[in-house]
Amino acid sequence: MKKQLKRQSNTGKDRPRIMAGYNFAYLDEQTKRMIRRTILKAVAIPGYQVPFGSREMPLPYGWGTGGIQVTASLIGPEDTLKVIDQGADDTTNAVSIRRFFSRTAGVHTTTRTREATIIQTRHRIPETHLRNGQIIVYQVPIPEPLRFIEPRAKEVLRMHALKEYGIMFVKLYEDISRYGRIAKAFDYPVLVNDRYVMSPSPIPKFDNPKMDCMPALQIFGAGREKRIYSVPPYTKVKSLDFEDYPFEVERWSRCCALCGSDNSYLDEIIMDDRGSKLFVCSDTDHCNERVAGGYKGNQAESIEEAQISTGTGARKCA
Amino acid sequence: MVATIDLNQMTPGFSDPVFNSQETFRAILGAMAHPGRIVTAGSALDSPHPLNRASAAVCLTLLDFETPLWTDLDSDHMAIGWLRFHCGCPVVQNPSEATFAMITNNDAMPSLNKFKTGNDECPESSTTLIIQTSGLSSMDGKRLSGPGIETFSTLKMEGLTERFWQDRQIQFTMFPLGVDILFTCENTLAALPRTVKVEG
């Protein structure tokens, strides 16, 4: 086990071949410099959205163009890249972006959170605690937390400048008066370093507490909206709430059916047309690692059998 | 009038611009995300006097035609020719127009409020200062705390005036406005972003 977790050497012949005809990591050097300057500003002003000259990328907006541009400006030959989409390493978006960097930068990719130096993510933070030295890059569709409350960009800029966030609390209060609780379940607004209200990107609110004082550097890239923002390591990130309605995360009455984990974020999978359901970890690497370590959920055997009888090895095909 | 550049005196920049600037950027980012941490940069560079290797590497990594530079060197100085040749950056006379500033003589350094500190709506439109120091060490010195620092870190920057620290103290209260600073010495650098509280 320990041997497997050891970081692979990135030198030698085992490195993937770089595609000819492109600069290293696809972007030209001037673009990288511009994005690098933006990232430094973002780190210096935690939670503030810094505008940047977002480029067209060879994939549509909404598929992680912002995250890819940030990763392309960070990545070097010594890096090991992990890409997840909703916690999974094996979904289309994650596979495509991993392949993109393996082709254009020749970097090693991994599915193991511990081995990665850069983790690009869409909509989740891995369950495994990130360590200092790692960088997590979020793909962000709408960076402005106040967008749906105040659509005028100029006005929103002013509100951030004046730290005028009362309207956000009104929005949360309206939830309480209507539903008896704060109904926002993802993209739950946070206050960074006691100054800027920030969108954590559409991660479930379950992941919000992981952002607080995280040892890893967090960088957020929004390609269509042309914004980059950041939370440096060990920085205070507070989910907005009220004294009498404190912030709470989702809980499940079940454990993961595969690994038995009772503290990870679970995906609900519909098993047949009679309504049977299965709950499994959304973070595939976390789940696989637990299964490899001998942990078992209550349905591990029946799923293994089903996989053998249908001939599939993929975990989420069930 | 733009002074001509003497190419016979010109030392080379990065031997591999793509990978060397990537490596330097990650060093700068590591320093910026961990204020007080000392990182190495530009070890292999042959920088023009009086720029140290780390300062030269920062310029090669971050400066280009979009980033006006202010420096305390004379406009016909060899080092300015080197920066203009390798980075292509405009050199400005007024610190308040500069995106980056290179300070080689700390005693004669302008007050921090002479540089761009941004405005309330665009705090990012501020100057990043590269200040050359005669010594950088984390053994003792100023006590730093804030984002990027778990508890506190210490950083000793030699040769900075008392007036500089007074200016910095005033700027700290202006957050999110203010300048970000990279201190360099030989082939090492450390960062002091505007968020960091300095004591001692």
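Small disclaimer: the values here were computed from a predicted structure and weren't measured. (Residues numbered from 1 in each chain as written. Chains lettered and ligands numbered in written order. Predicted model: local features only at pLDDT ≥ 70, side-chain atom pairs only at ≥ 80, totals over all residues. Heavy atoms only, no water.)

Enquirer: Residues and numbers for the sheet that holds strand β9 (residues 227-231) of chain A, please.
Expert: All names here are of chain A. Spatially, β1-β9-β8-β5-β4-β2-β3 is the arrangement adopted by the seven strands of the open sheet, whose pairing is mixed. In this open sheet, the two strands that pair with only one neighbour each are β1 (50-51) and β3 (108-109). As judged from the two bridges shared by β1 and β9, these two strands associate in the antiparallel manner. Residue pairing for β9: Pro51 is matched across the bridge by Arg227. (Pairing = 2+ DSSP bridges. Helix = DSSP H or I, 4+ residues; strand = E, 2+ residues; numbered from the N terminus.)

Enquirer: Give a description of the nonpolar core that names residues and reports values.
Expert: Judged by nonpolar contacts, the single largest core of 85 residues is most densely connected at Ile39(A), Leu74(A), Leu29(B) and Leu189(B). Per-element accounting of this core gives the leading share, eight residues, to helix α1 (residues 17-33) of chain B. Aside from chain neighbours lying at most four places away, what touches Leu74(A) is Ile39(A), Asp79(A), Ile118(A), Ile135(A), Val137(A), Ile219(A), Gln22(B), Phe25(B), Arg26(B) and Leu29(B). One finds Ala101(B), Leu129(B), Leu144(B) and Cys185(B) within the second-largest nonpolar core, a separate group that totals 26 residues. (Core = buried A, V, L, I, M, F, W, Y, C linked by side-chain atoms within 4.5 Å. Buried < 20%, exposed > 50% of the residue type's maximum accessible area, 1.4 Å probe, protein only. Contact = heavy atoms within 4.5 Å.)

Enquirer: Just give me the short version of helix α5 (residues 153-161) of chain A, but keep the residues and values in it.
Expert: An α-helical turn contains 3.6 residues, so a residue and the one three or four places further along point in the same direction. For α5(A), the full list of buried residues reads Val156(A), Met159(A), His160(A) and Ala161(A). Within two residues after α5(A), Lys163(A) carries a phi angle of roughly 55 degrees, on the positive side.

Enquirer: Quick rundown of the interface of chain A and chain B? Include the residues and the values.
Expert: Taken together, the contact between chain A and chain B spans 40 residues of the former and 39 residues of the latter. When the area that chain A buries against chain B is broken down by residue, the three leading residues are Arg37(A), Leu40(A) and Lys41(A), summing to 20%. Here chain A is connected to chain B by six salt bridges. Taking the shortest distance from any N to any O, the salt bridge between Glu66(B) and Arg37(A) comes out at 2.8 Å. Where chain A touches chain B, the interface holds 18 residue pairs in polar contact (both at pLDDT 80 or more). Those elements giving two or more residues to the side of chain A that touches chain B turn out to be α2 (29-44), β1, α3 (65-74) and α5 of chain A. When residues of the side of chain A that touches chain B are assigned to their parent elements, the largest contribution, 12 residues, is made by α2(A). Its residues assigned to classes, the side of chain A that touches chain B shows 23 nonpolar, seven polar and 10 charged. (Buried area = accessible area lost by both parts, 1.4 Å probe. Salt bridge = Lys/Arg side-chain N within 4 Å of Asp/Glu carboxyl O. Polar contact = N/O pair within 3.5 Å; in protein donor to acceptor, adjacent residues only side chain to side chain. Nonpolar A, V, L, I, M, F, W, Y, C, P; charged D, E, K, R; others polar.)

Enquirer: Could you give an account of helix α2 (residues 53-62) of chain B, with specific residues and numbers?
Expert: Residue and element names in this part refer to chain B. Along α2, nine of the 10 residues are buried, which leaves the element largely enclosed by surrounding structure. Along α2, the residues that are buried comprise Ala54, Ser55, Ala56, Ala57, Val58, Cys59, Leu60, Thr61 and Leu62. The backbone nitrogen of Ala54 lies 3.3 Å from a side-chain oxygen of the residue at the head of α2, namely Asn52.

Enquirer: Account for the packing of aromatic side chains, with residues named and values stated.
Expert: Within the structure shown, the criterion is met by 15 aromatic pairs over all chains. Between Phe100(A) and Phe101(A), the ring centres sit 5.1 Å apart and the planes meet at 85 degrees, which makes this aromatic pair edge-to-face. Residue Phe100(A) is classed as buried on the basis of its relative accessible area, which comes to 16%. Judged by centre distance (4.1 Å) and plane angle (10 degrees), the ring pair of Tyr138(A) and Phe220(A) falls under stacked. Of the two residues, Tyr138(A) is situated in strand β5 (residues 135-139) and Phe220(A) in strand β8 (residues 217-222); the sequence distance between them amounts to 82 residues. A relative accessible area of 0% means that Tyr138(A) is categorised as buried. When its relative accessible area of 0% is taken as the criterion, Phe220(A) is described as buried. Here the aromatic residues Tyr22(A), Tyr26(A), Phe100(A) and Phe101(A) are joined through ring pairs into a cluster of three or more. Arg290(A) extends its terminal NZ or CZ atom over the ring of Tyr295(A), reaching a point 4.1 Å from the ring centre. Over the face of the ring belonging to Phe152(B) we find Arg143(B), whose NZ or CZ atom lies 4.1 Å from the ring centre. (Phe/Tyr/Trp six-rings, centres within 6.5 Å; stacked < 30°, edge-to-face > 60°. Lys NZ or Arg CZ within 6 Å of the ring centre and 35° of its normal.)

Enquirer: So what's going on with the packing of α1(B) against α2(B)? Which residues, and what values?
Expert: All names here are of chain B. Axis separation between α1 and α2 bottoms out at 9 Å; the angle between their running directions is 110 degrees. Considered as vectors, α1 and α2 are oriented roughly perpendicular to each other. Across the interface between the two elements, Ser21, Thr24, Phe25 and Ile28 from α1 touch Ala57, Val58, Thr61 and Leu62 from α2. Here the contact of α1 with α2 is built from residues that sort into five nonpolar, three polar and no charged. (Axes fitted to C-alpha atoms, helices over the stretch in contact; angles between N-to-C directions. Parallel < 35°, antiparallel > 145°, perpendicular 65-115°, else oblique.)

Enquirer: Before we move on, can you summarise the side chain of Thr133(B) with the specific residues and values?
Expert: Residue and element names in this part refer to chain B. Mapping Thr133 onto the fold places it in the loop between β4 (128-132) and β5 (136-145). Judged by its relative accessible area of 8%, Thr133 is buried. At 3.4 Å, the side chain of Thr133 and the backbone oxygen of Gly135 are in polar contact.

Enquirer: Requested: an account of the environment of Ile97(A), with residues and values cited.
Expert: All names here are of chain A. On the secondary structure map, Ile97 appears in helix α4 (residues 92-104). With 34 residues separating them in the primary sequence, Ile97 and Trp63 have C-alpha atoms 9.2 Å apart. In this structure, Ile97 is in contact with Trp63, Ile68, Val83, Gln120 and Gln139, ignoring residues within four places of it in sequence.

Enquirer: Just give me the short version of unusual backbone geometry, but keep the residues and values in it.
Expert: Between His49(B) and Pro50(B) the backbone carries a cis peptide bond, its omega angle lying at 5 degrees. Within the element layout of this structure, Pro50(B) appears in the loop between β1 (39-40) and α2. The omega torsion of the bond from Phe175(B) to Pro176(B) falls at 10 degrees, within 30 degrees of zero and hence cis. Although it is not a glycine, Gln86(A) adopts a positive phi angle of roughly 55 degrees. Tracing the sequence through the fold places Gln86(A) in the loop between β2 (80-85) and α4. In this structure, Asp187(A) is a non-glycine residue whose phi angle is positive, near 55 degrees. Here Asp187(A) is to be found in the loop between α6 (166-179) and β6 (190-192). The exposure class assigned to Asp187(A) is buried, which follows from its relative accessible area of 17%.

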